[in-house]
Amino acid sequence: MPRTYEFLDHPGPIPFAHRGGAQDGLENSMPAFQRAVDLGFRYLETDVHATADGVLVAFHDHTLDRVTDRHGTIARMPYAEVAGARIGGAEPIPLLEDILGSWPDARVNIDIKEAPALSPLVEVLHRTNAWRRVCITSFSTRRLTQLRARLPLFTEQDVCTALGPRGVMALRARSYGGPLERMVRLAATGVACAQVPHSLGRMPFVSEAFVDEAHTLGLKVHAWTVNEPAEMDRLLDLGVDGIMSDDLLTLRDVMTARGQWRHVTTPPGPARTP
């Protein structure tokens, strides 16, 4: 029997607010996450980096350059400098702990961007006792392996994690069947889901065979980053278990039209101060 995870306890496909809803230009900011919560999203997706002095921030890029009014590599800067940057020239970069603490009923999908973030992440999850309401992923199989090794024994069974890149490609090869299938060894122990791109360029990555093979192995399939309504419909028709989108209104509208939107009231975050 596959393990069950509290993070995945949702009636039907999960709508994820990718970076809080990156379409408005304030990605991974507290107002973006608050807007997602106000729209009825219970699942927030974000990324984490550690500053040079070990502070864990919710931010996608390695550098501040693209979305803030400052420049520099986060891992080489103390938090005091990173804290001065403003997303879109207006909003500070939040700590992961801010997000977990502001919406205690929300569930948070966390992408580990660099190895130095591993220890601070475990510390934050311990302080906030948020083990069961997060899912942890990474574009590095090694980082995920190291993360699982650092989880406390009493929580390891309860923390939802995703396949790393090697596991995803093994799953895709396995979905093709034929001689290649015999060569694949998919180590899914402790893994609950495959979080994958919906396409590679113009070629779909998620297929019916991919979803079926994942489900056979007891894995949920979450597709990212999906902003076109036709593609949302295609994926939901295939039976994916979650969609990550920058366009929160479109995703909500598509799922509502299909009878798959489940509004969950999440208490608002704390009042913001200037």
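The structure under discussion appears in the preceding block.
Here's a quick rundown of the structure. Computed from a prediction, not measured in an experiment: that's the story for all the values here.

About the thresholds
- Residues numbered from 1 in each chain as written.
- Predicted model: local features only at pLDDT ≥ 70, side-chain atom pairs only at ≥ 80, totals over all residues.
- Heavy atoms only, no water.
- Helix = DSSP H or I, 4+ residues; strand = E, 2+ residues; numbered from the N terminus.
- Expected span 1.5 Å × (residues − 1).
- Buried < 20%, exposed > 50% of the residue type's maximum accessible area, 1.4 Å probe, protein only.
- Contact = heavy atoms within 4.5 Å.
- Lys, Arg positive; Asp, Glu negative; His and termini not counted.
- Salt bridge = Lys/Arg side-chain N within 4 Å of Asp/Glu carboxyl O.
- Polar contact = N/O pair within 3.5 Å; in protein donor to acceptor, adjacent residues only side chain to side chain.
- Core = buried A, V, L, I, M, F, W, Y, C linked by side-chain atoms within 4.5 Å.
- Pairing = 2+ DSSP bridges.
- Right-handed = clockwise from strand over helix to strand, strands pointing away.

For the rest of this paragraph, the subject is helix α7 (residues 165-176). Between the first and last C-alpha of α7 there are 17 Å, a value that for 12 residues agrees with the 16 Å anticipated at 1.5 Å per step. For α7, the complete set of buried residues consists of G167, V168, A170, L171, R172, A173 and S175. Buried residues along α7 sit against β9 (193-197), β10 (199-200), β11 (203-204) and α8 (208-216). Just downstream of α7 lies G177, where phi reads positive at about 70 degrees.

The phi angle at R19 is positive, at roughly 55 degrees, despite the residue not being glycine. By the element assignment, R19 lies in the loop between β1 (14-18) and α1 (30-38).

Let's shift gears to the side chain of R107. With respect to the helices and strands, R107 occurs in strand β6 (residues 107-112). Buried charge without a salt bridge: R107, with E6 as the nearest opposite-charge side chain at an N-O distance of 4.4 Å. Reaching out from R107, the side chain makes a polar contact with the backbone oxygen of F7 at a distance of 3.3 Å. Of note is the side chain of R107, whose polar atom sits 2.9 Å from the backbone oxygen of D9. Ignoring any residue separated from it by four or fewer positions in sequence, one finds R107 in contact with E6, F7, L8, D9, R42, Y43, L44 and R133.

Okay, the nonpolar core next. Grouped together as the largest cluster of nonpolar side chains are 59 residues, with contacts concentrated most on L44, L96, L121 and I136. The element best represented in this core is helix α4 (residues 118-128), accounting for 5 residues. Each residue touching L96, except ones within four places of it in the same chain, is listed here: T46, V48, L56, V57, A58, V108, I110, L121 and V124. In this structure, I14, F16, Y43 and A162 belong to the second largest nonpolar core, which totals 12 residues.

Moving on, we come to the pairing of strand β13 (residues 242-245). Of the two faces of β13, the one holding G242 and M244 and the one holding I243 and S245 are both buried throughout. Note that β1 and β13 share 4 bridges and pair parallel. Its bridge partner being in β13, P15 is matched across the sheet by I243. Across 2 bridges, strand β12 (residues 220-224) lies against β13 in parallel orientation. Bridge pairing in β13 links H222 to G242. At this point the chain moves from β12, through helix α9 (residues 229-238), to the parallel β13, and the crossover so formed is right-handed.

With the rule as written, the count across this model stands at 11 salt bridges. With a shortest N-O distance of 3.2 Å, R19 and E27 are connected by a salt bridge. Summarising the burial analysis for this pair, R19 and E27 share the class buried. For R234, the salt bridge is made with E231, and the minimal N-O distance between the two is 2.9 Å. Residue R234 and its partner E231 are located together in helix α9, separated by 3 residues, close to a single helical turn. Given the relative accessible area of 24%, R234 is considered partly exposed. For E231, a relative accessible area of 16% translates into the label buried. Each of R19, E27, D61 and R66 takes part in one network of salt bridges that share partners.

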